[in-house]
Amino acid sequence: MSPPGSQHKNKMALNSIHWFRKGLRLHDNPALREAVQGASTVRCVYFLDPWFAGSSNVGVNRWRFLLQCLEDLDASLRKLNSRLFVIRGQPANVFPRLFKEWKISRLTFEYDSEPFGKERDAAIKKLAMEAGVEVIVKISHTLYDLDKIIELNGGQPPLTYKRFQTLISRLDPPEMPVEMLTDTLMGHCVTPVLEDHGDKYGVPSLEELGFDTEGLPSAVWPGGETEALTRIERHLERKAWVANFERPRMNANSLLASPTGLSPYLRFGCLSCRLFYFKLTDLYRKVKKNSSPPLSLYGQLLWREFFYTAATNNPRFDKMEGNPICVRIPWDKNPEALAKWAEAKTGFPWIDAIMTQLRQEGWIHHLARHAVACFLTRGDLWISWEEGMKVFEELLLDADWSVNAGSWMWLSCSSFFQQFFHCYCPVGFGRRTDPNGDFIRRYLPVLRGFPAKFIYDPWNAPESVQAAAKCIIGVHYPKPMVHHAEASRLNIERMKQIYQQLSRYRGLGTRSENMKLTSSSVVFSARSVGEPRSNRKWQTDRPQRRWTAASAPAAAWYMTPQLPVWTEVRFTV
Amino acid sequence: MKRGLQGNEQEDGGGTSGGCQKTLKRSRKQRREKDLEDEEVRWECLPQEILLHVFQYLPLLDRAFASQVCRGWNEAFHMPELWRCFEFELNQPASSYLKATHPDLIKQIIKRHSDHLQYVSFKVDSSRESAEAACDILSQLVNCSLKTLGLISTARPSFMEMPKSHFISALTVVFVNSKSLSSLKIDDTPVDDPSLKVLVANNSDTLKLLKMSSCPHVSPAGILCVADQCHGLRELALNYHLLSDELLIALSSEKHVHLEHLRIDVVSENPGQQFHTIKKSSWDAMKRHSPKFNLVMYFYLYEDEFGPFFRDEIPVTHLYFGRSVSKDVLGRVGLNCPRLVELVVCANGLRPLDEELIRIAQRCTQLSAIGLGECEVSCSAFVEFVKMCGDRLTQLSIMEEVLVPDHRYGLDDIHWEVSKHLGRVWFPDMMPTW
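Residues numbered from 1 in each chain as written. Chains lettered and ligands numbered in written order. Predicted model: local features only at pLDDT ≥ 70, side-chain atom pairs only at ≥ 80, totals over all residues. Heavy atoms only, no water.

Some thoughts on the interface of chain A and chain B
Put simply, the rule reads: Contacts between residues were defined by any pair of non-hydrogen atoms, one from each residue, lying within 4.5 Å. Each of two parts loses accessible area, computed with a 1.4 Å probe, when they are put together; buried area is these two losses added. When a carboxyl oxygen of Asp or Glu lies within 4 Å of a side-chain nitrogen of Lys or Arg, that pair is called a salt bridge. A 3.5 Å cut-off defines polar contacts: any pair of N or O atoms within that distance qualifies, except that in protein one atom must be a possible hydrogen donor and the other a possible acceptor, and neighbouring residues in sequence count only when both atoms are side-chain atoms. Numbering of helices and strands runs from the N terminus, with a helix taken as a DSSP run of H or I at least four residues long and a strand as a DSSP run of E at least two residues long.
Facing the 76 residues of chain A at the interface are 90 residues of chain B. Carbon and sulfur atoms supply 56% of the area that chain A and chain B bury against each other, a total of about 7,500 Å² over both sides. At the surface where chain A touches chain B, the tally comes to seven salt bridges. One salt bridge connects B:Asp265 with A:Arg489, and the closest N-O pair in it is separated by 3.7 Å. Counting every contact that joins chain A to chain B gives 18 residue pairs in polar contact (both at pLDDT 80 or more). Among the elements that make up the side of chain A that touches chain B, the one with the highest residue count is helix H23 (residues 484-505) of chain A (twelve residues).

A word on the side chain of A:Glu110
Residues and elements named next belong to chain A. The criterion, for reference: Partly exposed residues are those whose accessible area sits between 20% and 50% of the maximum for their type, while under 20% is buried and over 50% is exposed, using a 1.4 Å probe and protein chains only.
Tracing the backbone through its elements, the reader meets glutamate 110 in strand S4 (residues 104-110). Residue classification places glutamate 110 among the buried residues on the basis of a relative accessible area of 7%. At 3.5 Å, the side chain of glutamate 110 forms a polar contact with the backbone nitrogen of glycine 23. A polar contact of 3.4 Å, which involves the side chain of glutamate 110, links it to the backbone nitrogen of histidine 141. Glutamate 110 has contacts with His18, Arg21, Lys22, Gly23, Arg25, Ala31, Val137, Lys138, Ser140 and His141, leaving out every residue within four places of it along the chain.

Here's the deal with the UniProt feature "binding site: FAD" (unreviewed entry) in chain A
Residue and element names in this part refer to chain A. The cut-off we apply is this: UniProt positions are given in the numbering used here, feature names are shortened, and annotations may be inferred rather than shown by experiment.
The sites that carry the UniProt feature "binding site: FAD" (unreviewed entry) are, in the present numbering, Gln300, Leu301, Leu302, Trp303, Arg304, Glu305, Phe306, Phe307, Asp398, Ala399 and Asp400. Tracing the sequence through the fold places tryptophan 303 in helix H14 (residues 299-311). A relative accessible area of 2% places tryptophan 303 in the buried class. Positionally, phenylalanine 306 belongs in helix H14. Leave out the neighbours within four places in its chain, and phenylalanine 306 touches Pro158, Leu159, Thr160, Tyr161, Phe164, Trp410 and Phe416.

Things to note about the confidence of the model for chain A
Residue and element names in this part refer to chain A. What counts here: Every residue gets a pLDDT, meaning the predictor's confidence in that residue, from 0 to 100.
Model confidence for chain A is summarised by a mean pLDDT of 84, while 83% of its residues fall at 70 or above. In this model, residues 6-10 is a region of pLDDT below 50 whose contacts with residues beyond four sequence positions or in other chains number four contacts. Contacts of residues 506-573 to residues separated by more than four positions or lying in other chains number 179 contacts, the stretch itself having pLDDT below 50.

Considering the domain arrangement of chain B
The test is simple: Domain start and stop positions are those given by an automatic or database domain assignment.
The domain architecture assigned to chain B consists of domain 1 (37-83), domain 2 (84-218) and domain 3 (316-434). The centre of domain 2 of chain B, based on its C-alpha atoms, is set 40 Å off from the matching centre of domain 3 of chain B.

Some points on the sheet that holds strand S2 (residues 41-48) of chain A
All names here are of chain A. The condition is simple: For two strands to pair, DSSP has to find at least two bridges joining them. Every axis in this analysis is a line fitted to C-alpha atoms, fitted for helices over the stretch in contact. Angles between the N-to-C directions lie between 0 and 180 degrees.
Read from one edge to the other, the open sheet built from five strands follows the order S3-S2-S1-S4-S5, with strand pairing classed as parallel. Sheet topology places strand S3 (84-88) and strand S5 (134-138) at the edges, where each strand pairs with a single neighbour. Taking each pair of neighbouring strands and ignoring which way they run, the sheet shows an average axis angle of 30°. Here six bridges tie strand S1 (residues 15-20) to S2, and the two strands are oriented parallel to one another. If you follow isoleucine 17 over to S2, its bridge partner there is arginine 43. Against the sheet, helix H4 (residues 60-78) engages S1, S2 and S3, with an angle of about 170° to S2. Strand contacts of helix H5 (residues 91-101): S1, S2, S3 and S4, with the helix running at about 165° to S1, the strand carrying the most contacts.

What about the UniProt feature "site: Electron transfer via tryptophanyl radical" (unreviewed entry) in chain A?
All names here are of chain A. This chain's UniProt record puts "site: Electron transfer via tryptophanyl radical" (unreviewed entry) on Trp331, Trp385 and Trp408. A compact arrangement is adopted by the annotated residues: their sequence extent is 78 residues, whereas the largest C-alpha distance between any two is 13.7 Å. With respect to the element layout, tryptophan 385 can be found in helix H18 (residues 385-395). In contact with tryptophan 385, other than residues within four places in its own chain, are Phe317, Asp318, Lys319, Met320, Cys326, Trp331, Thr377, Ala405, Trp408, Met409, Ser412 and Ser414. For tryptophan 408, the position within the fold is in helix H19 (residues 401-411). Here tryptophan 408 falls in the buried class, since its relative accessible area comes to 1%. Each residue touching tryptophan 408, except ones within four places of it in the same chain, is listed here: Trp341, Ala373, Leu376, Thr377, Trp385, Gly388, Met389 and Phe392.

This is the structure in C-alpha cells:
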C-alpha cells in the first residue's frame, strides 16, 4: 500500500519500523524482511505498557517468558548491529510520534487474526495512512490464510475438526518458511542506536513491571527464539529415533514438562509454525520413505489453526452471551468453589497437583487440561468455562485468546458439537494415567506419605494410614469439595436437559415459550443420524446454510447441535 | 424492532407503533383506485383468531412489545390460549448469569392468568431464594388446573436447601387443586411419602408421567402407593433404592396400562455400599405386561459395587455407566441384556474390551447406539464389532484414544474400514491436543 507522498520519500532515505507483537523471531519472518528490503534504516519495536502489566490478568510466568523472548530478540539483533526497541506505551498513542521522529515511511508487521488484533491494526493502518506511511502485513503466525479456509467453507468457519481437516486437504500446502534474517539480507540497512538506548528502549525486568521475584524458582520453560530452535531439533531427533510418528501413548512421564515441548514457543511466535510443519514433513519422508504424511502428523499445529479460524470473525468468541456458536448453559456462579479450583484446594489430589504444576511452571499436559476443565465445568463444579479460561489466561504459557477460549468451549461441551457423556473422573482418570502417584507426590509434597492405593482418594484411607502419612485429611489437606458421583450425575442430567431443549426447538422456530408439556415423547431413535437436516433457527438469526452432498461431513448439521448418544425416550415435561 | 417481511403478510408481526400510521398516509384517491385485493390491510382490524395464531409464533418478549401497539393487540396478548404454557425462570444475579422472569410479569400471570395455566415449569438456579420463590408462586396457583408441572434445578438442587415444610405445602396446593395432573417432574426435591399420597388421592386417574430421581425422603412404600393407584402411569423415573419386586409387580398388574419407560438411577452414596437384588421373575412379569417398554439404567457406582447386577437376564434397553466399570461386568452385560439398544461406557480399566464388545455385538441384536470413553479396544476387534452390528449402529461415539492400533489397522485407516461397514462416513470423537 503506497500512499500518496511516499514517492517523494522514496527518493530520500527509506526508514522502516518492524512491529513485533507475536512472531518474536528472526527466522521465517516475511514482514521483517519487507522492513529491511531496500530500507536505509530499520527499527524493530515492541510495545509494552508497564501500567497495563500490573493490572492485567497475566501471571508472572507469562511475563517472564515474554521478557525472555524480548531479551533473546535483542541479543540476536545485536549480532546484526541492530537492537530491539521496547516502547513504553500504547501503539495508537505512540506511533504518530515515532513516524515523525524517525521519519518513517514503511511499517511492517505479522498479520494477527484475532478480532481485537484486527481492530487495533485497522486503527494503526489508518494512522499510518494519514502519516504517509506504507504498511506491509504478512501472514506467518498461521500455516494458512484463514480467510481462505473460511471462504472455502461458504463464508463460515468450520465447527468440527473433521470438517476443518477436509477443507485443509483441499488447500495448497502452507507456504515455505522464509530465511532467517542475516547480515547479508540486512544489506545496507542499519539501525541507528543512541547511547541511552538501554534506559529508553531496553527490555524491562520483572521487578520493573512490579513483580516480586524473591524466591521465584527458575523458569522451567525459558523463553526465546534460540531456545525454541534448540528444542525443535531435539523434538525431531526424538521422533526420528523412535521412528514412530503416531501419537505417543499417555504415561506418567508425559505429565511432566518436556525439554522438547513446543507449545509456548508456537504461541509467542518464537518458533514458526511453518518451519515446524516443513521440518516434520521432511523428517517423515526421510524416515518412512513415503510420499504423503497423514494429517495426524501435524495434529498440534492443526488444532491451533482450527481455533484461530473459528475465532477470527467472532469478537465474542470468548463469551457465552451473544456468541453464536456457544450453547447457553445455566452455569453456577460460585466464587468460593472457583477459588478452590484455581488455588489447588479442591481436596482431589489429581486436580490439585495439576493446578499446582500449572501455577508453578506454566504448562500442563493436554489430558491434564481436559481433567481440570471437565472438573470445573460439566463434570463436577458446574462453573462457567469463562472463569476457567481466565485462570488459564493468567497461568498457562501457551494460552492465547483464540486457542484458550476455543478449548474451554470444547472441553465444557459448549460448542463444536461435543459428546458430553464422557466425564473425566478426578480419581480414576489420574489413577489410570499414573498408578504409582509420583506426579501427585511431586507437586503435593504433603501427600507424599500416602501409598499408591490411597493417594488419589486419601479421604478413603483409614485413620492409621493418614497418621502414618503425617497428613490428616481435613487438617493438613482439604476434604474433597464435592461428592463426585452425585455431582456428575446431576451435571449429566443438566447437560441432557439443555441439549434436549435445544433439539426440541429445532422444528419449532421461535416458539420457545410454547413448550407443549405432554407425555408423548420425542423418539430420537426414529431418525437416522448422519443425514442433513433442515436447519432451523437455533440461537440467533443466522442465515440458513445448505449442505451439498460433497461438503457434508459425518455430523451434517451446521448450527443445530448433534444429539448425544442417548437415544432413550425421555420426558418432555 | 424490525421484522423480516417475507411471504405471508399476515405473519408480519407489525413493527413499531408507527407502522399503522404509514398505511393511513396514502391518499384517499389512491385508496379508491386500488383493487379490493390491494386494499391495504388495517392491522388493527385483524381478527383475534389470526392475531392469536401470529402471536403464538412470537417469543414472549416480542409478544409483549406487540401488545403495546394498541388495545386490540393488548387484548389478544392476554387471551387464555397464550397462557397455557409457561416456564418461570428464577435466577439470582449472585448465583446465575442468566436473567430471571421479570417479577412484574410473574405478578401479572398470577393475577390474570393463573386460571389458564396448564403446562408449567420452574427453572431455578442454585440459590435458596430461587427455590423459595418458585414455591411461593406454586402456593398461589390455587385456581390452576395443571396438567404438567416441572420443577427443574439448573445447577445445584436448591429445592433441597429450603425448608421441607414450605416445599411440601406448596406442592400440595398444586396436587389438591389440579386434580388432572398428567406429567410431574420433581427430581432432586424433598418430596415425601405423605405428599405422594396426596398426589395419588387427587390425580390417580390422570397421572401418566412421574419423574422423581434423587428424592431421598421417599421410601419404597411411598412409590408403591403411586404404582398401586395410578394405573395410567406410563413413564417413571426413580432411584434404585425405591425399586422393589412389589413395585414391578404392581406396574405389571392387569389394571395397569402398558408401561412405556422406566428409568432407574443407581448411585453410590458411600464406597462399598450394598445394593438389593430384584428377582428375575419380577422383570419377567414387566416384560410380559409391557413387551415394548424401555428400561433405562444409569450407574454411578464404584467398580466393586456391581456384585448384585447383571447376574440374571434383565430387560434393560439403555445402559449408562458413569464411572469406571470392569471388564467382568461388561462381560455379564453381553450375556444378560438381550434387549440392549444403547450402551455408554465412560471408563474402564485399561485392558482391552475386545471379547466383551464382540459378545455384545453377537447377543445384543437390537444394539443401535454405543459410546465409549476411557476404554481400550484393539482396532481389529473394533472393526469386527462394527461388521457384526452393521448399519443398525446409528450412533457410534468412540473417543479417539480408545482405539489401539494393531498389526492390521492403524489410526489413520481405521475410519475407512468402519465407514465401509456402517454405510456412512465415520470418525472417532477427537479432543484438542495443542
